[in-house]
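Examining the three-dimensional arrangement
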Amino acid sequence: MAKLGREVYEQELLRLQTELVKLQEWVKATGARLVVAFEGRDAAGKGSAIKRITEHLNPRVARIVALPAPSERERTQWYFQRYVAHLPAAGEIVLLDRSWYNRAGVERVMGYCTPEEHRLFLRQCPQFERMLVEDGVLLRKYWFSVSDAEQERRFRKRLDDPLKRWKLSPMDLESLTRWEDYSRAKDEMMVHTDMAESPWYAVEGDDKRRARINMIAHLLSTIDYHEVSAPKIKLPPRPPSSGYQRTARTLQREVPDHAAKLV
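Let me begin by describing the structure that accompanies this report. (Residues numbered from 1 in each chain as written. Predicted model: local features only at pLDDT ≥ 70, side-chain atom pairs only at ≥ 80, totals over all residues. Heavy atoms only, no water.)

In terms of helices and strands, the protein carries 10 helices and five strands. Projected onto its principal axes, the C-alpha positions of the protein cover 75 × 45 × 45 Å. When burial is assessed residue by residue, the protein has 39% of its 263 residues classed as buried. If you take every contact in the protein between residues at least 6 apart in sequence, the share linking residues at least 24 apart comes to 80%. As displayed, the protein has an accessible area near 16600 Å², and 54% of this comes from carbon and sulfur atoms. (Helix = DSSP H or I, 4+ residues; strand = E, 2+ residues; numbered from the N terminus. Buried < 20%, exposed > 50% of the residue type's maximum accessible area, 1.4 Å probe, protein only. Contact = heavy atoms within 4.5 Å. Areas by Shrake-Rupley, 256 points an atom, 1.4 Å probe, with all protein chains shown as cover.)

This is the structure in structure tokens:
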């Protein structure tokens, strides 16, 4: 399949981002609570999809949650406890850049949890998600796939890109040698957690542009939102000057004009 052209991609992305702003305003107006979980292979395009979704949204409404490794204290808590603290209140959207499914993926494969903890997760996760949905939370789950060849190509590209080198962690490198282990863990996870109340949706990620467009379009199609009428805003006339004089610039610490050196 041919990769999606840039011009077509940018036109459709702009249209979808306009719809995402409408969705945001609907969420605010109705008090809806939306959670979108992004999971999948390393370098499959989760982060870039999240970036395009939030590009024009209000960070006070739509926030990204990307939790670090649990602290010693958090390791003694109920597994889902630290995720509950980040769930949305009314009128909020939460985008989970990896979620509670860490236990079914990296923790399972790398041995960061015991087999008993993994089995307990697979039993409790469906119950946990059913409670969220029953309480009115709109839960959407996306799994981003990428071929082994494309993943390795992206990893190699990151090695030479100073802007993306930080994305290449020891865990990413380990995933190259454990491709089948992650595949088996993902298949087992899907068997237990792909439910009618909170189904998984797969996103083919070898073509990043196509993946972003497909994922955003699907997300919008699953929510029965509508455009909310915005109040008309009129700029007030600026009042006449009352004699204020600006403080002399010599009394301030100004940022040097670095841009002047570029001309």
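Bridging between strand 1 (residues 33-40) and strand 3 (residues 92-97) involves six bridges; their strand directions are parallel. Following the sheet pairing, Val 35 is matched in strand 3 by Val 94. (Pairing = 2+ DSSP bridges.)

This part covers the nonpolar core. In terms of nonpolar packing, the biggest core is built from 32 residues, with Leu 23, Val 36, Phe 38, Ile 53, Phe 144, Met 215 and Ile 216 touching the most fellow members. When residues of this core are traced back to their parent elements, those giving at least two are helix 1 (6-30), strand 1, helix 2 (46-54), strand 3, strand 4 (138-145) and helix 10 (208-221). Examining the composition of this core, we find that seven residues originate from one element, helix 1, more than from any other. Judged by nonpolar contacts, the second largest core, of 22 residues, contains Val 35, Tyr 101, Val 137 and Met 189. (Core = buried A, V, L, I, M, F, W, Y, C linked by side-chain atoms within 4.5 Å.)

Before going further, it helps to spend a moment on the layout of surface pockets. Looking at the second largest pocket, its volume works out to about 220 Å³. For the lining of the second largest pocket, the elements supplying multiple residues, two or more each, are strand 5 (200-204) and helix 10. A per-element tally of the lining of the second largest pocket places helix 10 first, with five residues. (1 Å grid on protein atoms, 1.4 Å probe; cavity = no way out; pocket = protein on both sides within 12 Å on 5 of 7 lines; lining within 4 Å. Points joined across faces, edges and corners; volume = space filled by probe spheres on them.)

Before going further, it helps to spend a moment on the packing of helix 7 (residues 148-159) against helix 8 (residues 170-177). At a minimum axis distance of 11 Å, the contact between helix 7 and helix 8 shows a crossing angle of 150°. Considering the angle they form, helix 7 stands roughly antiparallel to helix 8. For the element pair helix 7 and helix 8, the recorded crossing hand is left-handed. Residue-level inspection shows Gln 151, Glu 152, Phe 155 and Arg 158 of helix 7 in contact with helix 8, the latter providing Asp 172, Ser 175 and Leu 176. The class makeup of the residues in the contact of helix 7 with helix 8 is two nonpolar, two polar and three charged. (Axes fitted to C-alpha atoms, helices over the stretch in contact; angles between N-to-C directions. Parallel < 35°, antiparallel > 145°, perpendicular 65-115°, else oblique. Left-handed = near helix turned anticlockwise from the far one by under 90°. Nonpolar A, V, L, I, M, F, W, Y, C, P; charged D, E, K, R; others polar.)

What follows concerns the side chain of Lys 46. Mapped onto the elements of the fold, Lys 46 is located in helix 2. The side chain of Lys 46 is buried and forms no salt bridge, while Asp 42, the nearest opposite charge, is found at 4.9 Å. A distance of 2.9 Å separates the side chain of Lys 46 from the backbone oxygen of Arg 41, its partner in a polar contact. (Lys, Arg positive; Asp, Glu negative; His and termini not counted. Salt bridge = Lys/Arg side-chain N within 4 Å of Asp/Glu carboxyl O. Polar contact = N/O pair within 3.5 Å; in protein donor to acceptor, adjacent residues only side chain to side chain.)

This part is about the side chain of Arg 82. Inspection of the secondary structure assignment puts Arg 82 in helix 4 (residues 81-84). A polar contact of 3.5 Å, which involves the side chain of Arg 82, links it to the side chain of Glu 74. Contact partners of Arg 82, with chain neighbours within four places excluded, come to Leu 67, Pro 68, Ala 69, Pro 70, Glu 74 and Gln 77.

Right, let's talk about empty space enclosed by the protein for a bit. Going through the model one piece at a time under the given rule, you end up with one cavity of 30 Å³ or more. Estimated volume of the largest cavity: approximately 60 Å³. For the largest cavity, the full set of lining residues is Leu 20, Leu 23, Leu 34, Val 36, Ile 53, Leu 57, Ala 62, Ile 93, Leu 95 and Leu 219. For the lining of the largest cavity, the secondary-structure elements that each account for two or more residues are helix 1, strand 1 and strand 3.

Coordinates in, geometry out; function isn't part of it.
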